[in-house]
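# A closer look at the structure
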Amino acid sequence: MAELPNTTMANECKVKLKSKDDKIFEVEYAVAMQSQTLKNALAHTGCTDTALPLHDISSQILAKVIEYCEYHVNAANTISEKDVKTWDEELVKHMDQDTLFRLIVAAKYLEIHNLVDLMCKTIADRIKDKSVEELREIFHVQNDFTPEEEEQVRRETKWAHGE
Amino acid sequence: MEAPEEEIMDSLWKDLPKDIVEMVLLFLPLASAMQFKSVAKEWREFLGSNCHYRTRSAVEQRTPWLFLCTSGKFSCAFDFSLKRWYKILNPPLYRQSIVSASGNLVCLGNLVADCRALSLCDPVRKLVKSLPPMSRIQFIHKVSLNLQRDGAYKIMVVGENDRAVNNLRGLVTEVYDSKIEIWKMSGETMAEAKFGLDAGVWINNRFYCIVEMPYGVVIFDQKRDLWEELEVKMPAGCNDMSSPCLVECRGRLLLVLRNSSTESGNGKVQIWELMKKRGGLKEKKDLEWGLLEEMPENIEVEFMASSRLGDVSDRLICCGVGEWVCIMTQLSGSALGFNLVIKKWEWLGKDPAFPQGRTCHLYAFPLQPISHCQL
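Keep in mind that what you see is a predicted model, and the values were worked out from it rather than measured.

## Digging into the interface of chain B and chain A
A common measure of how large an interface is: the accessible area buried when the components associate. Listed by partner, the interface residues are 48 residues for chain B and 50 residues for chain A. Between chain B and chain A, the buried area comes to about 4,800 Å², and carbon and sulfur atoms account for 66% of it. Linking chain B to chain A there are 5 salt bridges. In this structure, Glu81(A) engages Arg250(B) in a salt bridge whose closest nitrogen and oxygen atoms are separated by 3.4 Å. Here chain B is connected to chain A by 12 residue pairs in polar contact (both at pLDDT 80 or more). Elements supplying a minimum of two residues to the side of chain B that touches chain A: helix H1 (18-26), helix H2 (30-35), helix H3 (41-47) and strand S3 (84-89) of chain B. For the side of chain B that touches chain A, the per-class residue count stands at 31 nonpolar, 4 polar and 13 charged.

## Remarks on the packing of aromatic side chains
Centre-to-centre distance and the angle between the planes together describe a pair of aromatic rings. Taken as a whole and assessed by the stated rule, the structure comprises 16 aromatic pairs over all chains. On the numbers, 5.7 Å between centres and 85° between planes, the contact of Trp159(A) with Tyr86(B) is edge-to-face. Note that Trp159(A) is positioned in the segment after helix H10 (147-156) and Tyr86(B) in strand S3, a pairing that runs across two chains. Here Trp159(A) falls in the buried class, since its relative accessible area comes to 14%.

## Details of the nonpolar core
Within the largest apolar cluster, 86 residues are counted, with the highest numbers of intra-cluster contacts made by Leu17(A), Val65(A), Leu115(A), Phe139(A), Trp159(A), Trp13(B) and Trp43(B). Ranked by residues supplied to this core, first place goes to helix H8 (residues 113-127) of chain A with 8 residues. Counting residues in each nonpolar core, the second largest holds 20 residues, with Leu120(B), Ile137(B), Val143(B) and Tyr176(B) among its members.

## Considerations on the state of the cysteines
What is meant by a disulfide is a covalent connection between two cysteines, made through their sulfur atoms. Applying the stated criterion across every chain, the model contains 1 disulfide over all chains. With no disulfide of its own, Cys51(B) lies closest to Cys120(A) among cysteine sulfurs, the gap being 14 Å. Cys121(B) takes part in no disulfide bond, and the closest cysteine sulfur, belonging to Cys107(B), lies 10 Å away.

## Considering the sheet that holds strand S18 (residues 268-276) of chain B
Residue and element names in this part refer to chain B. Pairing within the open sheet is antiparallel, and its 4 strands lie in the order S16-S17-S18-S19. The open sheet is flanked by strand S16 (245-249) and strand S19 (287-294), the only strands paired with a single partner. Sheet twist, expressed as the mean angle between neighbouring strand axes with direction ignored, is 35°. Here S18 runs beside S19; their pairing, made up of 7 bridges, is antiparallel. When the sheet's bridge partners are listed, glutamate 273 is paired in S19 with glycine 290.

## Overview of the sheet that holds strand S7 (residues 127-130) of chain B
Residue and element names in this part refer to chain B. Across the sheet, 4 strands lie side by side as S4-S5-S6-S7; this open sheet has antiparallel pairing. Each edge of the open sheet carries a strand with a single partner, namely strand S4 (97-102) and S7. Mean inter-strand twist for the sheet, computed between neighbouring axes without regard to direction, equals 25°. Sheet analysis places strand S6 (residues 119-122) next to S7, joined by 4 bridges and oriented antiparallel. Bridge pairing in S7 places serine 119 opposite serine 130.

## Overview of helix H7 (residues 97-110) of chain A
With 14 residues, H7(A) extends 20 Å from end C-alpha to end C-alpha; this agrees with the ideal 20 Å at 1.5 Å per step. Inspection of H7(A) places Gln97(A), Thr99(A), Leu100(A), Phe101(A), Leu103(A), Ile104(A), Ala106(A), Ala107(A) and Leu110(A) among the buried residues, and these make up the whole buried set. Considering only its buried residues, H7(A) is in contact with helix H3 (36-45), helix H4 (59-72) and H8 of chain A together with H1 of chain B. Here H7(A) starts with a cap whose side-chain oxygen sits 3.1 Å from the backbone nitrogen of Asp98(A), and that cap is Asp96(A). The first or second residue beyond H7(A) is Glu111(A), which carries a positive phi of 50°.

## Quick word on unusual backbone geometry
All names here are of chain B. At the junction of methionine 213 and proline 214, the peptide bond is cis and its omega measures out at -5° in the coordinates. With an omega of 5°, the peptide bond running from phenylalanine 354 to proline 355 counts as cis. Inspection of the secondary structure assignment puts proline 355 in the loop between strand S23 (344-350) and strand S24 (363-367). For asparagine 205, which is not a glycine, the phi torsion comes out positive at approximately 60°. By secondary structure assignment, the location of asparagine 205 is in the loop between strand S12 (201-203) and strand S13 (206-211). Even without being glycine, aspartate 225 reaches a positive phi, approximately 55°. You can call aspartate 225 partly exposed: its relative accessible area is 29%.

## Re the pattern of salt bridges
Enumeration over the complete set of coordinates arrives at 32 salt bridges over all chains. Here Lys93(A) and Glu90(A) are joined by a salt bridge, their closest N and O atoms 3.3 Å apart. One end of the pair, Lys93(A), and the other, Glu90(A), are both in helix H6 (residues 81-93), 3 residues apart, so they sit about a helical turn from each other. Lys93(A) sits in the partly exposed class, given a relative accessible area of 45%. Between Glu228(B) and Arg224(B) there is a salt bridge whose closest N-O contact spans 3.8 Å. Among the ionic contacts, a cluster of salt bridges with common partners joins Glu81(A), Lys85(A), Arg250(B) and Glu323(B).

Conventions adopted
- Residues numbered from 1 in each chain as written.
- Chains lettered and ligands numbered in written order.
- Predicted model: local features only at pLDDT ≥ 70, side-chain atom pairs only at ≥ 80, totals over all residues.
- Heavy atoms only, no water.
- Contact = heavy atoms within 4.5 Å.
- Buried area = accessible area lost by both parts, 1.4 Å probe.
- Salt bridge = Lys/Arg side-chain N within 4 Å of Asp/Glu carboxyl O.
- Polar contact = N/O pair within 3.5 Å; in protein donor to acceptor, adjacent residues only side chain to side chain.
- Helix = DSSP H or I, 4+ residues; strand = E, 2+ residues; numbered from the N terminus.
- Nonpolar A, V, L, I, M, F, W, Y, C, P; charged D, E, K, R; others polar.
- Phe/Tyr/Trp six-rings, centres within 6.5 Å; stacked < 30°, edge-to-face > 60°.
- Buried < 20%, exposed > 50% of the residue type's maximum accessible area, 1.4 Å probe, protein only.
- Core = buried A, V, L, I, M, F, W, Y, C linked by side-chain atoms within 4.5 Å.
- Disulfide = S-S within 2.5 Å.
- Pairing = 2+ DSSP bridges.
- Axes fitted to C-alpha atoms, helices over the stretch in contact; angles between N-to-C directions.
- Expected span 1.5 Å × (residues − 1).

These values are about where atoms sit, not about what they do.
Okay, here's the thing in structure tokens:
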């Protein structure tokens, strides 16, 4: 799985990341490898002292991403499923919408699959109980159904509208 | 995950890239996703597409529905994410009711009268498929559907031959293989076994169910095509009054019963687990039933009050749904859940059909709607 030529290098290599606002973050190689994007980039450059520029990610968001990756790098092997779940929930629990938004975009860009899933689930949970009208407002979508068409869609999914 | 109450969503979400919006929709519970089809034409198209369905079922392990097969027009489904009950139309098949379920499919048949052919149904997509008749079985004693990861399925049936013609003593077993679409007789004939009323569970292609008189567990090994007895002593206090049910949760075999023995139970509802003997040898066969959890007093009082477990007409109905052990009774409305991971008891509310739909034998199954099997 390691792209670097030998494991000692992999153990010692530190990856440097530069945020949009020019702040440098240094992470362990294994931590960075959770990002498919970084993994591909490092496969080309090898272990380098040059910081990888992340033009669209602010330092605040990058710090959160790193926090997530540092916790998860060993989670699968050493931490119980229950504890990982609790940690994830705590991370997103009081997250404001702006952070949620920017974090999911960053996670998608960096291709950190677990984090993308966590973000998707968090946003899905916040909208799952909302009405159709509210969804249209949130995502700025026009209702392009005629009244008859709308009635038909409702009828098709009758059970889902509950009691 | 608890969402903040009454949250007003900012206008920034309109700038969320379309591919991310589509991913978010994959994580919605099915009922929400179906409701949101009404948002706009593009949403309706996406949420109803095969691509969406396929990717949905590939997404992280979602907790299935608790599916209560009540008789009558509807069955009821409980969604753990939305904490709501839904009514799902029962397929209108003559003289057939739901007898088993696996993945997104339910199996229909008749357990009280002559039944030579079964049907399969996807109750959410409203698709029904008739299966070819069984080769010999005419009266079903036990039936169970097992959906595999690749979307193929097997159905195991134990039953009797044509009673008039029959010289052959004992019950025969037939297995239907969806890959070749035929019923195959199992080599094994069972001596007359009295099966319990629970539906039984599959773990690693082995089917476990309860037999009575005396109480025990038998296993049908599908790969080796044979029946064996679980050579493990049942918990003390397992008898006619205890209504034992086998439950499967995340590959663990559990037994729920009302322990009427005065030394070990005192009428309490208990959850036992089949586990390796403490300090025993590392051989696979060294197993015992260990007490995992007992219903706490305050919950038990309420549970007993709404049921009639004291008399023989009521019985426990249990099944495993994700990490939840779900416990109900034939005659009471309220469903109870015990979460194995966080060790918490929670009331799941009354199913909307109650008190109707309880006259016939009640079954409960985990159902994963829009899962991977295409009928």
